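# Remarks on the overall topology
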Amino acid sequence: MEVEGEKGVPECARRASPPPFLLKTHMLVEDPATDEIISWNPQGTTFIVWQPAEFARDLLPTLFKHSNFSSFVRQLNTYGFRKASSGRWEFQNDLFRRGERELLCEIKRRKAWTGKFPTVPLRTQQAGDPDEDKESSSTSGSSDHNSLWDENKRLKRENGVLSSELVGMKRKCKDLLDLLAGYAKHDVAVEDEGPKLFGVRLHGAKKRKQEEMNEAIHVMFPQA
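Here is what the cut-offs are and how they apply
- Residues numbered from 1 in each chain as written.
- Predicted model: local features only at pLDDT ≥ 70, side-chain atom pairs only at ≥ 80, totals over all residues.
- Heavy atoms only, no water.
- Pairing = 2+ DSSP bridges.
- Helix = DSSP H or I, 4+ residues; strand = E, 2+ residues; numbered from the N terminus.
- Salt bridge = Lys/Arg side-chain N within 4 Å of Asp/Glu carboxyl O.
- Buried < 20%, exposed > 50% of the residue type's maximum accessible area, 1.4 Å probe, protein only.
- Polar contact = N/O pair within 3.5 Å; in protein donor to acceptor, adjacent residues only side chain to side chain.
- Axes fitted to C-alpha atoms, helices over the stretch in contact; angles between N-to-C directions.
- Parallel < 35°, antiparallel > 145°, perpendicular 65-115°, else oblique.
- Left-handed = near helix turned anticlockwise from the far one by under 90°.
- Contact = heavy atoms within 4.5 Å.
- Nonpolar A, V, L, I, M, F, W, Y, C, P; charged D, E, K, R; others polar.

Taken together, the 4 strands give an open sheet; going across it, the order is 1-2-4-3, and neighbouring strands pair in antiparallel fashion. Where the open sheet ends on each side, the last strands, each with one partner, are strand 1 (38–40) and strand 3 (82–83). As defined by bridge partners, strand 3 adjoins strand 4 (residues 89–92) across 2 bridges and the pair is classed as antiparallel. Counted as the bridge partner of Arg82 is Gln92 from strand 4.

Here the focus is the pattern of salt bridges. Tallying each qualifying case throughout the model produces 5 salt bridges. The partner of Glu90 in a salt bridge is Arg88, and the shortest N-O contact between them spans 2.9 Å. One salt bridge connects Arg97 with Glu100, and the closest N-O pair in it is separated by 3.2 Å. Judged by its relative accessible area of 23%, Arg97 is partly exposed.

With that settled, consider the pairing of strand 4. On a regular strand, each side chain points to the face opposite its neighbour's, so the side chains alternate between the two faces of the sheet. Pairing of strand 2 (residues 46–49) with strand 4, which is carried by 4 bridges, proceeds in the antiparallel orientation. For Thr46, the partnering residue across the bridge sits in strand 4 and is Gln92. Linking two consecutive strands that pair antiparallel, namely strand 3 and strand 4, is a turn of 5 residues.

With that settled, the discussion passes to helix 4 (residues 69–78). Across the 10 residues that make up helix 4, a large majority, 9, are buried. When helix 4 is considered as a whole, its buried residues turn out to be Phe69, Ser70, Ser71, Phe72, Val73, Gln75, Leu76, Asn77 and Thr78. Sitting at the head of helix 4, Asn68 places a side-chain oxygen 3.1 Å from the backbone nitrogen of Ser70.

At a minimum axis distance of 11 Å, the contact between helix 2 (residues 20–30) and helix 3 (residues 52–64) shows a crossing angle of 130 degrees. When the axis of helix 2 is compared with that of helix 3, the two are oblique. You can see that helix 2 and helix 3 cross each other, and the crossing is right-handed. Counting all contacts with helix 2, which are made through Phe21, Lys24, Thr25, Met27 and Leu28, the residues of helix 3 involved are Phe55, Leu59, Leu63 and Phe64. Residues that form the contact of helix 2 with helix 3 fall into these classes: 7 nonpolar, 1 polar and 1 charged.

The following block contains the structure:
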């Protein structure tokens, strides 16, 4: 299908050729030899990456000179593709259809990335094609900024929790030191002035104090 412009000249014919990214992607999806990895849906209105890892490792380097699946997904987003399914890597663009390569010149590249697709942490990712990185660097800036902002807020929250725990631990240590100092003074007094029976000093009071101190330590530090 071609849209005719002035004097009956097809719109696509009056424009520059489609972006290489779209041509290469359409060629990959059209190739029946790669259907196990990437193919059209039965209607030919969306395409599905069935095996992202194999796609990044074996197919991307052949046309895009990199094996970064996340970079590929970002490029799709900049050309207006949307994810058609939440359970698999299925992408759709109304002008990207089976057997209709002439429509590719009607697809316009967006100026800013809206962050529709999530980042894909594949082990096979490597540095992308320099030319494509130039195209996507400006579009990924806002996403990186938002990620850094969220990470900063999370670290601040964790820092607040750790600071509170540190204050509580310092307080417990001080209480323990005061307790030990008090019992040390008491032990001296018991040793010097403890009760005697028939001239023999009784040590039961000291033993009870030791048990009380152990119990207090257990209450203050239940995991000790």
